[in-house]
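# Understanding the architecture of this molecule
This is what each chain is made of:
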Amino acid sequence: MKNIERFRILVVGRANAGKTTILQRVCNSMDKPEIFDEGNKIEDAVVQGTLARGHHDIKHELVFKSNPGFVFHDSCGFEAGSTQQFDQMRSFVINRAATKKVDERVHAIWFCIPMTDYHRTVTAAEQKFFNECDTGHVPVIVLLTKADALYLTAIRELLDGGLGIVEARERAAEKQGELLEKWLAHIKHELDMCKYPPRGYVTLQKMHQENADCTTLIESTANVMNEEGLQKLLISTQQSSILLCIEYAVRE
């Protein structure tokens, strides 16, 4: 672990799953990440031009100035059903999980499923990933993002059930919690039956708020790490919670 200075995470998920926002909250930043290709920074104009042409390289490193101890890789697009993109992602995972260059290894994978798409939480893309992508010792944590989107669904269901708008608003938070539990149970049921099921599940909401709390995400990721050294690296790198640092220091 002495040769590993940065914690590296692969983020997987559909477009508009709120991935960048989550990374910003984890790194306490409102800025976009800098992007590097083999250590060389890619200028913003080049990045935007590449994205406009539909090109994306999973090997590119996303780093926030506010916390360069984290390195992120974004695997976007494979949900569209492209076999080539999925194969590139799987090859990246396999290579980065076993590479002898310890500073280039991926340490965790965050798989994002947005609750704005609650009616199709587990699609063929999720089934394909968890049945065909063997991540080895690298743990995968499923992130149910944009869970606050279920609030309007809760209001709608309460109104359809005959409640008035005032009472519906009063009971909306409780109903939202019930809906979230329902869909989380459904996702767990579907994915836990796959060949390579995730190691954990985390629900996230209100990540668009600058003071959003990422402690649960960091703690859940740390808890599924196979190596104590990586666990310590993650906890020391995160800036979301001083209490989390203290808690893990006490455990030692």
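Residues numbered from 1 in each chain as written. Predicted model: local features only at pLDDT ≥ 70, side-chain atom pairs only at ≥ 80, totals over all residues. Heavy atoms only, no water.

Among the residues making up helix α4 (residues 124–132), those that are buried are Ala125, Glu126, Phe129 and Phe130. The arc that holds the buried residues of α4, viewed along the axis, is 115 degrees, so those residues lie on one side. Elements that come into contact with the buried residues of α4 comprise α3 (83–98), β6 (108–114), β7 (140–145) and α6 (165–191). (Buried < 20%, exposed > 50% of the residue type's maximum accessible area, 1.4 Å probe, protein only. Helix = DSSP H or I, 4+ residues; strand = E, 2+ residues; numbered from the N terminus. Arc of directions from axis to C-beta. Contact = heavy atoms within 4.5 Å.)

Within the fold, alanine 17 resides in the loop between β1 (7–13) and α1 (19–26). Note on alanine 17: relative accessible area 1%, which makes it buried. Once the C-alpha coordinates of alanine 17 and cysteine 112 are considered, the two residues, 95 residues apart in sequence, prove to be 6.3 Å apart. Beyond its immediate stretch of four places on either side in the chain, alanine 17 contacts Cys112, Pro114, Thr145 and Lys146.

A cluster of nonpolar side chains, Leu159, Ile165 and Val166, forms an exposed patch at the surface whose accessible area comes to about 250 Å². If you trace the backbone, isoleucine 165 turns up in helix α6. (Patch = residues over 30% accessible without salt bridge, like charges linked within 9 Å, V, L, I, M, F, W, Y side chains within 5 Å. Areas by Shrake-Rupley, 256 points an atom, 1.4 Å probe, with all protein chains shown as cover. Salt bridge = Lys/Arg side-chain N within 4 Å of Asp/Glu carboxyl O.)

When the pLDDT values of the chain are averaged, the result is 84; 85% of them are 70 or greater. Scored below 50 in pLDDT, residues 49–54 shows two contacts in the model against residues more than four places distant or in partner chains. (pLDDT = per-residue confidence, 0-100.)

As a further point, take the pattern of salt bridges. By the definition in use, this model includes 13 salt bridges. In this structure, lysine 59 and aspartate 57 form a salt bridge, with 3.3 Å as the shortest nitrogen-oxygen distance. Classification of lysine 59 as partly exposed rests on a relative accessible area of 46%. Through salt bridges with shared partners, a single ionic network connects Arg14, Asp117, Arg120 and Glu126.

So, about the side chain of serine 29. Topologically, serine 29 is positioned in the loop between α1 and β2 (34–37). Engagement of the side chain of serine 29 in a polar contact is seen with the backbone nitrogen of aspartate 31, the distance being 3.0 Å. With residues up to four places along the chain from it excluded, the contact list for serine 29 reads Gln24, Phe64 and Ser66. (Polar contact = N/O pair within 3.5 Å; in protein donor to acceptor, adjacent residues only side chain to side chain.)

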